[in-house]
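Spelled out, the chains give:
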Amino acid sequence: MVKPVHVVGGGLAGSEATWQLASAGVSVVLHEMRPLRRTEAHQTGAFAELVCSNSFRSDDWASNAVGLLHEEMRRAGSLIMGAADGHKLPAGGALAVDREGFAGEVTRRLEDQPLVGVAREEIGALPPADWDSVIVATGPLTSPALARAVQSLTGEAELAFFDAIAPIVHRDTIDMGVCWLQSRYDKEGPGGGTADYINCPLDKAQYDAFIDALISGEKTSFKEWEASTPYFEGCLPIEVMAERGRETLAYGPMKPVGLTNPHRPERPYAVVQLRQDNALGSLWNMVGFQTKLKHAEQVRIFRTVPGLEQAEFARLGGLHRNTFLNSPVLLDQSLRLKADARLRFAGQITGVEGYVESAAIGLLAGRFAAAERLGTPLSLPPPTTALGALLNHITGGHLASGSEGNSRSFQPMNVNFGLFPPPAAPPPRVKSERGSKTLARKHALATRALADLERWLAGGASIAAE
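Residues numbered from 1 in each chain as written. Predicted model: local features only at pLDDT ≥ 70, side-chain atom pairs only at ≥ 80, totals over all residues. Heavy atoms only, no water.

## Considering the overall build of the chain
What the chain contains, in helices and strands, is twelve helices and 17 strands. In the chain, which comprises 466 residues, the proportion classed as buried is 56%. Excluding contacts between residues fewer than 6 apart, the proportion of contacts in the chain whose partners are at least 24 apart in sequence is 72%. Of the roughly 19,300 Å² of accessible surface on the chain, a fraction of 53% belongs to carbon and sulfur atoms. (Helix = DSSP H or I, 4+ residues; strand = E, 2+ residues; numbered from the N terminus. Buried < 20%, exposed > 50% of the residue type's maximum accessible area, 1.4 Å probe, protein only. Contact = heavy atoms within 4.5 Å. Areas by Shrake-Rupley, 256 points an atom, 1.4 Å probe, with all protein chains shown as cover.)

## Considering the packing of helix H2 (residues 65-75) against helix H10 (residues 355-374)
To characterise two packed helices, one gives the angle between the axes of the helices and the distance between these axes. At a closest axis distance of 10 Å, the pairing of H2 and H10 adopts a crossing angle of 35 degrees. Of the two elements, H2 crosses H10, and the hand of that crossing is left-handed. The segment H2 lies against H10, with Val66, Leu69, His70 and Met73 engaging Val356, Glu357, Ala359, Ala360 and Leu363. Within the contact of H2 with H10, the residues separate by chemical class into seven nonpolar, one polar and one charged. (Axes fitted to C-alpha atoms, helices over the stretch in contact; angles between N-to-C directions. Left-handed = near helix turned anticlockwise from the far one by under 90°. Nonpolar A, V, L, I, M, F, W, Y, C, P; charged D, E, K, R; others polar.)

## Observations regarding the state of the cysteines
Per the stated rule, a full pass over the model turns up zero disulfides. In this structure cysteine 179 is a free cysteine whose sulfur lies 3.4 Å from that of cysteine 200, the closest cysteine sulfur available. Residue cysteine 179 is classed as buried on the basis of its relative accessible area of 1%. (Disulfide = S-S within 2.5 Å.)

## Details of the pattern of salt bridges
All told, the structure shown has 27 salt bridges when counted by the stated rule. A salt bridge links glutamate 71 to arginine 75; its shortest N-O distance comes to 2.9 Å. With glutamate 71 and arginine 75 both in helix H2, this residue pair falls four residues apart, about one helical turn. Of the residues examined, arginine 75 reaches a relative accessible area of 35% and is grouped as partly exposed. Residue aspartate 340 pairs with arginine 342 through a salt bridge whose shortest N-O separation is 3.1 Å. Take aspartate 340 and arginine 342: they sit in the same class, and that class is buried. What emerges from the salt-bridge pattern is a single network uniting Asp59, Glu71, Arg74, Arg75, Asp85 and Glu454. (Salt bridge = Lys/Arg side-chain N within 4 Å of Asp/Glu carboxyl O.)

## Considering the sheet that holds strand E11 (residues 197-202)
Judged by pairing direction, the sheet is antiparallel, and its six strands sit side by side in the order E10-E11-E12-E13-E9-E14 without closing on themselves. Strand pairing shows two members of the sheet lacking a second neighbour, strand E10 (180-181) and strand E14 (313-315), which therefore form its edges. Across three bridges, strand E9 (residues 168-170) lies against strand E13 (residues 283-286) in antiparallel orientation. Across the sheet, residue histidine 170 finds its bridge partner in E13, namely leucine 283. (Pairing = 2+ DSSP bridges.)

## Quick look at the pairing of strand E1 (residues 5-8)
Burial of E1 is two-sided: the residues Val5 and Val7 facing one way and the residues His6 and Val8 facing the other way are all buried. Looking at chain direction, E1 and strand E2 (residues 28-31) are connected through four bridges and run parallel. Its bridge partner lying in E2, valine 8 is registered against histidine 31. For the handedness criterion, the β-α-β arrangement of E1, helix H1 (residues 12-23) and E2 is classed as right-handed. (Right-handed = clockwise from strand over helix to strand, strands pointing away.)

## Here's the deal with the confidence of the model for the chain
When pLDDT drops low, the exact placement of atoms in the prediction is not to be read closely. This prediction gives the chain a mean pLDDT of 86; 85% of its residues lie at or above 70. Every residue in residues 399-408 scores below 50 in pLDDT, and together they form 15 contacts with partners more than four places removed in sequence or on other chains. Scored below 50 in pLDDT, residues 461-466 makes 16 contacts in the model with residues more than four places away or belonging to other chains. (pLDDT = per-residue confidence, 0-100.)

## Overview of helix H4 (residues 99-112)
The terminal C-alpha atoms of H4, which comprises 14 residues, lie 20 Å apart, in line with the 20 Å expected from a rise of 1.5 Å per residue. Of all the residues in H4, the buried ones are Arg99, Gly101, Phe102, Ala103, Glu105, Val106, Thr107, Arg109 and Leu110. (Expected span 1.5 Å × (residues − 1).)

## Examining H1
Under the 1.5 Å per step criterion, the end-to-end length of H1 is 16 Å for twelve residues, consistent within 8% with the ideal 16 Å. Backbone geometry just downstream of H1 places glycine 25 in the positive-phi region, at approximately 90 degrees.

## Observations concerning the nonpolar core
Grouped together as the largest cluster of nonpolar side chains are 80 residues, with contacts concentrated most on Phe56, Phe102 and Phe420. It is H10 that provides the largest number of residues to this core, a total of eleven residues. Excluding residues within four positions of it along the chain, phenylalanine 102 makes contact with Ala48, Leu50, Phe56, Ile80, Ala83, Ala84, His87 and Val97. Grouped together as the second largest cluster of nonpolar side chains are 32 residues, Leu202, Ala270, Leu293 and Val305 included. (Core = buried A, V, L, I, M, F, W, Y, C linked by side-chain atoms within 4.5 Å.)

## What to know about the side chain of glutamate 297
Structurally, glutamate 297 can be placed in helix H8 (residues 295-302). Glutamate 297 sits in the buried class, given a relative accessible area of 14%. Excluding anything up to four places from it in sequence, glutamate 297 contacts Gly217 and Glu218.

## A look at the packing of aromatic side chains
Following the criterion strictly, the structure yields seven aromatic pairs and no others. When the ring of phenylalanine 210 is compared with that of phenylalanine 302, the centres are 6.5 Å apart and the planes differ by 35 degrees; the resulting orientation is tilted. You can see phenylalanine 210 sitting in helix H6 (residues 204-216) and its partner phenylalanine 302 sitting in helix H8, a full 92 residues away along the chain. Under the relative-accessibility criterion, phenylalanine 210 is labelled buried at 2%. Pairwise contacts between aromatic rings join Phe56, Phe102 and Tyr355 into one cluster. (Phe/Tyr/Trp six-rings, centres within 6.5 Å; stacked < 30°, edge-to-face > 60°.)

In structure tokens:
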């Protein structure tokens, strides 16, 4: 009888790691403290609950690194990508999902998997000594007790940053006599639609008033011990962006380019976009509007946006503190903790940012643990793949300063083409338009990645998503 591998945490990374282990024929015990103990951000006890956006970002594998990661994970038999594809919503070129349907699908498939046992309990200390193989996938909201235990074991002070959540609006409270449906540049999404976003237009005076309200609005105050915690740059609160410059939002999440207002001939100075959040189409989230404004202030300020004057909110924005390891120093290439090799880490706690990136590291941790348990050769994904590039960054690719390479400068990272080794030769231009050189380079990197991925997958046991 092969001893089970224990997975601690039922988020995206833990769910994916569990699936990969069971699909390889290894029994798993999945430990999840919800719903017995709640977190600051979760609302249910479902596995892989999405607590921030419902978007997995771009699904274009040929020109976007996260889209490439989607495709690699699909080919590697990913549970998370299978569930996402089964519950996708209209979102232009992005892959957005129905939250409840997605999490429900992941939960059902894991609970129905005969090699998976579920233990609803909190692991508040280092796992027992007789657990000889453990994947810790407790995410950015790791319980304080477990975080302290890991910190004590490694001798490292924990790193942390703040992450913010965007509000969700009831669709029937949006004034469509002011707003309109359109994807930027009428870009066709995976479902074929070109009108996947609700757009709320602002003129210059309305935009300036909105910026003033964001800057002066009452914000959530930090506890003393949180005061020095930085934000993650990829998910800044909208009011923090506004404080960096009055035009920051007009050139960022509120940019009006590629949109045509059918109600008025002139182009708006700025727009607020909302994206469908559930399969019924009754809930829409405010894109890029993560915030630390107090709830009453959110209602007051966001109702000044044209078309949202009568908006009712299914959820208001919020702020939560994320924790992650100094992974380049603490983890080896197969994600094992150097101070205790029976422990592997996966997901956001390793220093990746984003749903898909977290699940991808869970996929790798599950495959690595399965190979170790079954006594088969452990093969790392090529660094030319999105999986390999992301793994290489968090376990050794980060350039740290300091004589001993233990700088605290390591920060969470989304997957991007800057993490990939350059192509052997400059790719030919695919067309003469501006930016074609960059597009050709991305396409060359993506094409090479998928070819190398197929060779890597062919070298080991196939894990099916069905």
